[in-house]
Structure formats: structure tokens, C-alpha cells
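# Structural description and commentary
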Amino acid sequence: MNEEDLIFIPQRWDLKFHHAAGETGTRFFKAIMEQKEILGKKCPKCKRVLLPPRSFCERCFVETTEWMKIGSEGTIQAFTIVYEKFEGLPDPPYAIAYVLLDGANTAMANFVKGIDLSDIKKAFKRIKIGAKVQVAFRKKRQGRITDFWYELK
Ligand SMILES: [Zn+2]
């Protein structure tokens, strides 16, 4: 049967579930929640500091054991500004960036806040690859990635 002969049935999945953060994720989120610290893990073989921390280095296939304190400043590696509504995400507009924080070798995505995104052309002049950012923490933290965000310096 050819693909164009198949019937496609539109469906929707709306699942609520609890995702186990595991030992590495739990320590990462607790450090954010309790100490306002961002921690990465260093690969003993390639020496890269992985952020968000992983239990294993995906390049070397070895267990990571050494925790490293990561700086609260970094550089935007990639970003997007979202102007459409997506299920489970904030009302647009909002910006998300991959940021290489000082002391880490891998970039971590999070929201960029504190800038006016209402004018897309002006927003794109402010958010740039290579722009310096600072981590800002929520006052009441819950052990979630949304406990912190990036702000342009
Ligand atoms: Zn490695």
C-alpha cells in the first residue's frame, strides 16, 4: 500500500506524569533551589564540564563523578524568540537561549528575561549570538529549571 492510500486519524495526547530527575538531576536542582548554585559534572576522560550535568559523558561513555561549580555569567550560543502559543509554555512572546556559562563546556537552554520582545526587530538587535548574560534566580525556588533564567548584561 502506498503512503498516500493510508488513512491518518488526528489524535491528541494530554499526559500528566512525574519525571524522575535521578541522582544527578536531583543534586543539580537541589543546588539551584537551596544554594542558588549551578553545578556541572566533569568527564574524567575528556575533561569537559557538562552542563546540565550528566551521569555519563556521551562522548567517552564513562561515568562522571566530579561536581564543578559553574559561573553565573555566560555567552549566548544560539537563541530563538517565540511569538506563537505552544501548549505548556508561557504566553508569547518569550526568548529561549543556549548559553555557555563560564566554567562549562556545554551550553544549557533557558528563558531570557528582562527585555522587551514586543518589537521583533528591536528584540533581535539586543539578543545576539555572543551576547553576555547573567543568571538570575527566582526568589521562591522549587527545584525546577524555571528557578533561574538569563538576563542580558
Ligand atoms: Zn568525556
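Read on for an overview of the structure. (Residues numbered from 1 in each chain as written. Predicted model: local features only at pLDDT ≥ 70, side-chain atom pairs only at ≥ 80, totals over all residues. Heavy atoms only, no water.)

The topology assignment puts Trp-13 in the segment before helix H1 (22-35). Judged by relative accessible area, which is 72%, Trp-13 ranks as exposed. Considering only alpha carbons, one finds Trp-13 and Glu-73, 60 residues apart in sequence, at a separation of 38 Å. (Helix = DSSP H or I, 4+ residues; strand = E, 2+ residues; numbered from the N terminus. Buried < 20%, exposed > 50% of the residue type's maximum accessible area, 1.4 Å probe, protein only.)

Two modes of strand pairing occur in sheets, parallel and antiparallel, and in both the strands are linked by backbone hydrogen bonds. Pairing is mixed in the closed barrel, where 5 strands are placed in the order S4-S5-S6-S8-S7. Taken over all neighbouring pairs, the strand axes of this sheet differ in orientation by 50° on average, direction set aside. In this sheet, strand S7 (residues 132-137) lies alongside strand S4 (residues 73-82) in antiparallel orientation, the contact comprising 3 bridges. In the strand pairing of S7, Gly-74 is matched with Val-133. (Pairing = 2+ DSSP bridges. Axes fitted to C-alpha atoms, helices over the stretch in contact; angles between N-to-C directions.)

For the coordinates displayed, the defined rule picks out 6 salt bridges. Where Glu-37 meets Lys-69, a salt bridge forms, and the shortest distance between an N and an O atom there is 3.2 Å. Of the two residues, Glu-37 sits in the loop between H1 and strand S1 (38-42) while Lys-69 sits in strand S3 (residues 66-70), which places them 32 residues apart along the sequence. The partly exposed category is assigned to Glu-37, whose relative accessible area is 24%. For Lys-69, a relative accessible area of 62% puts it in the exposed group. Look at the salt bridges and you will find they share partners, linking Arg-48, Arg-54 and Glu-58 into a network. (Salt bridge = Lys/Arg side-chain N within 4 Å of Asp/Glu carboxyl O.)

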